[in-house]
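For reference, the chains in residue letters:
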Amino acid sequence: MFSRIHSKLGTAGLIVAIVALVAALSGGAYAASGLNKQQTKQVRNIAKNESKKFSKKFSKRFAEAGPAGATGPAGPAGSAGTAGKDGAPGATGATGATGATGATGATGSPWTAGGVLPSGQTQTGTYSGAGQPGDTVMNAIAFTLPVASALEPILVPDGSTEATGCPGLSAGVPTAEPGKLCVYEGSSTGSFVDAGFFANLKEFLKPEPATLFEPGVDPSGTILLYVCETECSSYGSWAVTAE
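Residues numbered from 1 in each chain as written. Predicted model: local features only at pLDDT ≥ 70, side-chain atom pairs only at ≥ 80, totals over all residues. Heavy atoms only, no water.

**Points about the overall build of the chain**
We count it as follows: Helix and strand assignments come from DSSP, with helices taken as H or I runs of at least 4 residues and strands as E runs of at least 2, each series counted from the N terminus. Burial classification: accessible surface area is computed with a 1.4 Å probe over protein chains only, and a residue below 20% of its type maximum counts as buried, one above 50% as exposed, and the rest as partly exposed. In this description, contact between two residues means that some pair of their heavy atoms is separated by no more than 4.5 Å. In this description, accessible areas are obtained by the Shrake-Rupley approach with a 1.4 Å probe, and a residue is regarded as covered only by the protein chains that are shown.
When helices and strands are counted, the chain shows three helices and nine strands. Reading the helices (α) and strands (β) of the chain from amino to carboxyl end gives α-α-β-β-β-β-β-β-β-α-β-β. Of all 243 residues assigned to the chain, the portion counted as buried reaches 26%. Here the contacts in the chain between residues at least 6 apart in sequence split such that 71% fall between residues at least 24 apart. With an accessible surface of roughly 16,500 Å², the chain has 57% of that area assigned to carbon and sulfur atoms.

**Observations regarding the sheet that holds strand β2 (residues 136–142)**
The cut-off we apply is this: At least two bridges found by DSSP between two strands is the condition for calling them paired. To obtain an axis, a line is fitted to C-alpha atoms, over the contacting stretch when the element is a helix, and the angle between two such axes runs from 0 to 180 degrees between their N-to-C directions.
One open sheet holds the three strands; their spatial order is β2-β8-β7, and the pairing between them is antiparallel. The outermost strands of the open sheet, each flanked by one partner alone, are β2 and β7 (192–198). Neighbour to neighbour, the strand axes of the sheet diverge by 15° on average, direction disregarded. As defined by bridge partners, β2 adjoins strand β8 (residues 221–228) across seven bridges and the pair is classed as antiparallel. By the bridge assignment, A142 is partnered in β8 with G221.

**Observations regarding the state of the cysteines**
Inclusion rule: Pairs of cysteine sulfur atoms within 2.5 Å are identified as disulfides in what follows.
Scanning all chains against the criterion turns up two disulfides. Residue pairing for C166: its cysteine sulfur links by disulfide to C182, the two sulfurs lying 1.9 Å apart. With the S-S dihedral at roughly -90°, the linkage between C166 and C182 falls on the left-handed side. Remark: C182 occurs in strand β6 (residues 180–189) and C166 occurs in the loop between β3 (152–156) and β4 (169–170); sequence separation between them is 16 residues. Comparing C166 with C182 shows no difference in burial state: the two are buried.

**Remarks on the packing of aromatic side chains**
Each aromatic ring pair is described using two quantities: the centre-to-centre distance and the angle formed by the ring planes. Under the convention used in this document: A pair of aromatic rings is counted whenever rings of Phe, Tyr or Trp (Trp by its six-membered ring) have centres within 6.5 Å, and the orientation is called stacked for planes under 30 degrees apart, edge-to-face for over 60 and tilted otherwise.
What the rule picks out here adds up to two aromatic pairs. For the pair F143 and W238, a centre-to-centre distance of 5.5 Å together with 50° between the ring planes defines the contact as tilted. One end of the pair, F143, is in the loop between β2 and β3; the other, W238, is in strand β9 (residues 232–241), and 95 residues separate them in sequence. By the burial criterion, F143 is buried, and W238 matches it.

**Examining the pattern of salt bridges**
Between side chains of opposite charge, a pair can form as their charged atoms come close. Note the following rule: Salt bridge, as used here, is a side-chain nitrogen of Lys or Arg placed within 4 Å of a carboxyl oxygen of Asp or Glu.
In total, this model carries one salt bridge according to the counting rule given. In this structure, E152 engages K180 in a salt bridge whose closest nitrogen and oxygen atoms are separated by 2.3 Å. With E152 in strand β3 and K180 in strand β6, the pair connects residues that are 28 residues apart, well separated along the chain. Here E152 falls in the partly exposed class, since its relative accessible area comes to 39%. The exposure class assigned to K180 is buried, which follows from its relative accessible area of 19%.

Structural measurements only, silent on function.
Put into structure tokens, the structure is as follows:
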């Protein structure tokens, strides 16, 4: 830039212009010695124009952005925000798969084969009864499973442990040989007569008192019947074994 001014004003003019420029920038208002009015006016005009150029050029350079500086340290953490609103309910899940069908159970024991007590098998039970003088006491003996073959009923009196076909109790459990119904009298009080076994279904078939019961054993059980002479009672256990 100074080379352009020097080419226009020469060495002397350049010096004068610089002096005038300094005076104009510093706010001084004085006349350079040795210059007439016309020269002074020219110098002032030159200084004024060059001052504007300098100001415009420097302002433009200062306005231009410099290179980006280094990243500053991270600022302190902000305070926690307030809790957000609850979200909308989720969609209903799919229906679960149907469970597998369980396996078929094993075949039942042979006790129920044909609906009767199998040959050689034994079932047991208990009985009890009581009455006043002259009462007919009926002690029902009912089989859990019917017995297909005919049975011989045997009463083992109180105090006896065994009889023909009835081996007695084994560890408190009554026993019977095949084809036998063994009734073990456990205990009795008073006195009674006409004790015997009668088929328990005859009551419904023969209403006549003389034929109310018939001696014997039905496939489903029997009745141990006796008549009290005094106040009496009796109880015990029984066993039946199919042939």
